[in-house]
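Summary of structural features
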Amino acid sequence: ETSGDLVFGTRTGTDGTVAATERIRIRNDGSVNVNSVRFTATSLGTNASPTIITLGGGVAAAAVTGTFAVTGDVTVATDKFVVTATNGNTAIAGTLNSAGATTLSSTLGVTGDATYAGDAVFSKSAAVVTHTSATGGLSIVSSHGFVEVEGVRFIGESMGTNGFPDLITFTNGVVNINGTIVHTGTTDHTGDFEVGTDKFQVTATSGDTTVKGTLAVDGDVTVGSGNFVVTAA
């Protein structure tokens, strides 16, 4: 029985002139030092930091409170989480949940769908969304609402604005315009032209024009080569 520490060591000589090198120290507080490693109950560490690793806690686990430096590969359950030491490549077989922001310094490759609960923001000065497959196409679809591009709203086969979502509708090869057309340039039209279904009709193949309303003309009217002329007053 001793009230102090119990120390075991080794010395190079046996004549007592050379001080012993401490190897094991059993302290009076119940901790044990082996060389420079301290054991206290289920914890391992150093004299300055005695609980760097704690074992147990009712489960087969080890808790590390300091930095964990590994020079080889790190694997969890064989292949569920693998970090390759030579290049830092990380393979995750399960779901990756990140509570904070994630910054990627290189390209992100996704082989499946990418689901966003928030917005997708592009900080590049001239950003482009590109479809690179040799077949198929690119579709931007809203399952329950609309798609809006710079103030132009798309809903199904209709285009418009927030207040007037169906100004233009495409149906079976027909373009229906539900608002007023303000036109300042030239329009080249190869098909028939209709206003109000049948109120004003121009037949593309012949140029025949049917007007069901009143035709108001401010200038002269000439039919043929002068066979019928009306001079405006």
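What comes next is a walk through the structure. (Residues numbered from 1 in each chain as written. Predicted model: local features only at pLDDT ≥ 70, side-chain atom pairs only at ≥ 80, totals over all residues. Heavy atoms only, no water.)

With the rule as written, the count across this model stands at four salt bridges. Between Asp-198 and Lys-199 there is a salt bridge, and its shortest N-O distance comes to 3.1 Å. Of the residues examined, Asp-198 reaches a relative accessible area of 25% and is grouped as partly exposed. Residue Lys-199 is classed as partly exposed on the basis of its relative accessible area, which comes to 49%. A salt bridge links Lys-212 to Asp-198, with the nearest nitrogen and oxygen atoms 3.1 Å apart. On the criterion of sequence distance, the pair formed by Lys-212 in the loop between strand 18 (209-211) and strand 19 (221-223) and Asp-198 in the loop between strand 16 (193-195) and strand 17 (200-202) is long-range, its members being 14 residues apart. In this structure, a network of salt bridges that share partners links the residues Asp-198, Lys-199 and Lys-212. (Salt bridge = Lys/Arg side-chain N within 4 Å of Asp/Glu carboxyl O. Buried < 20%, exposed > 50% of the residue type's maximum accessible area, 1.4 Å probe, protein only. Helix = DSSP H or I, 4+ residues; strand = E, 2+ residues; numbered from the N terminus.)

The phi torsion at Asn-35 lies on the positive side, around 50 degrees, for a residue other than glycine. Residue position: Asn-35 is located in the loop between strand 3 (32-34) and strand 4 (37-40).

With that out of the way, let us pick up the layout of surface pockets. Computed from the structure, the largest pocket encloses a volume of approximately 1600 Å³. Taken together, 28 residues line the largest pocket, and the ones lying closest to its centre are Leu-108, Val-110, Ala-114, Thr-115 and Tyr-116. Within the lining of the largest pocket, the residues separate by chemical class into 16 nonpolar, 10 polar and two charged. By volume, the second largest pocket is sized at about 560 Å³. In terms of lining, the second largest pocket is formed by 15 residues, of which the most central are Val-175, Ile-177, Ile-181, Phe-193 and Glu-194. Contributions of two or more residues to the lining of the second largest pocket are made by strand 15 (174-177) and strand 16. (1 Å grid on protein atoms, 1.4 Å probe; cavity = no way out; pocket = protein on both sides within 12 Å on 5 of 7 lines; lining within 4 Å. Points joined across faces, edges and corners; volume = space filled by probe spheres on them. Nonpolar A, V, L, I, M, F, W, Y, C, P; charged D, E, K, R; others polar.)

Turning our attention to a nonpolar patch on the surface. A grouping of Val-64, Phe-68, Val-70, Val-74, Val-76, Phe-81, Ile-92 and Leu-96 is seen on the molecular surface, where their side chains present a nonpolar patch of about 690 Å² in accessible area. Within the element layout of this structure, Phe-68 appears in the loop between strand 7 (62-64) and strand 8 (74-76). (Patch = residues over 30% accessible without salt bridge, like charges linked within 9 Å, V, L, I, M, F, W, Y side chains within 5 Å. Areas by Shrake-Rupley, 256 points an atom, 1.4 Å probe, with all protein chains shown as cover.)

As a further point, take the sheet that holds strand 3. Taken together, the seven strands give an open sheet; going across it, the order is 1-2-3-4-5-6-7, and neighbouring strands pair in antiparallel fashion. Single-partner strands in this sheet number two, and they are strand 1 (6-10) and strand 7. Averaged over all pairs of adjacent strands, the angle between strand axes in this sheet comes to 20 degrees, irrespective of strand direction. With three bridges connecting them, strand 3 and strand 4 associate as antiparallel partners. Opposite Asn-33, over in strand 4, you have Arg-38 as the bridge partner. (Pairing = 2+ DSSP bridges. Axes fitted to C-alpha atoms, helices over the stretch in contact; angles between N-to-C directions.)

With that out of the way, let us pick up the side chain of Arg-153. With respect to the helices and strands, Arg-153 occurs in strand 12 (residues 152-155). At 2.8 Å, the side chain of Arg-153 forms a polar contact with the side chain of Glu-148. (Polar contact = N/O pair within 3.5 Å; in protein donor to acceptor, adjacent residues only side chain to side chain.)

Once that is clear, we can look at the environment of Asp-73. Residue placement: Asp-73 occurs in the loop between strand 7 and strand 8. Once the C-alpha coordinates of Asp-73 and Gly-112 are considered, the two residues, 39 residues apart in sequence, prove to be 27 Å apart. One polar contact links the side chain of Asp-73 to the main-chain amide nitrogen of Ala-85, over a distance of 2.7 Å.

Pairing between strand 13 (residues 158-160) and strand 14 (residues 168-171): two bridges, direction antiparallel. Each bridged residue has a counterpart across the sheet, and for Ser-158 the counterpart in strand 14 is Thr-169. As defined by bridge partners, strand 14 adjoins strand 15 across four bridges and the pair is classed as antiparallel. Of the residues in strand 15, the one forming a bridge with Thr-171 is Val-174. Hairpin connection between strand 14 and strand 15: a loop of two residues separates the two successive antiparallel strands, and Asn-172 in this loop has a positive phi of roughly 50 degrees.

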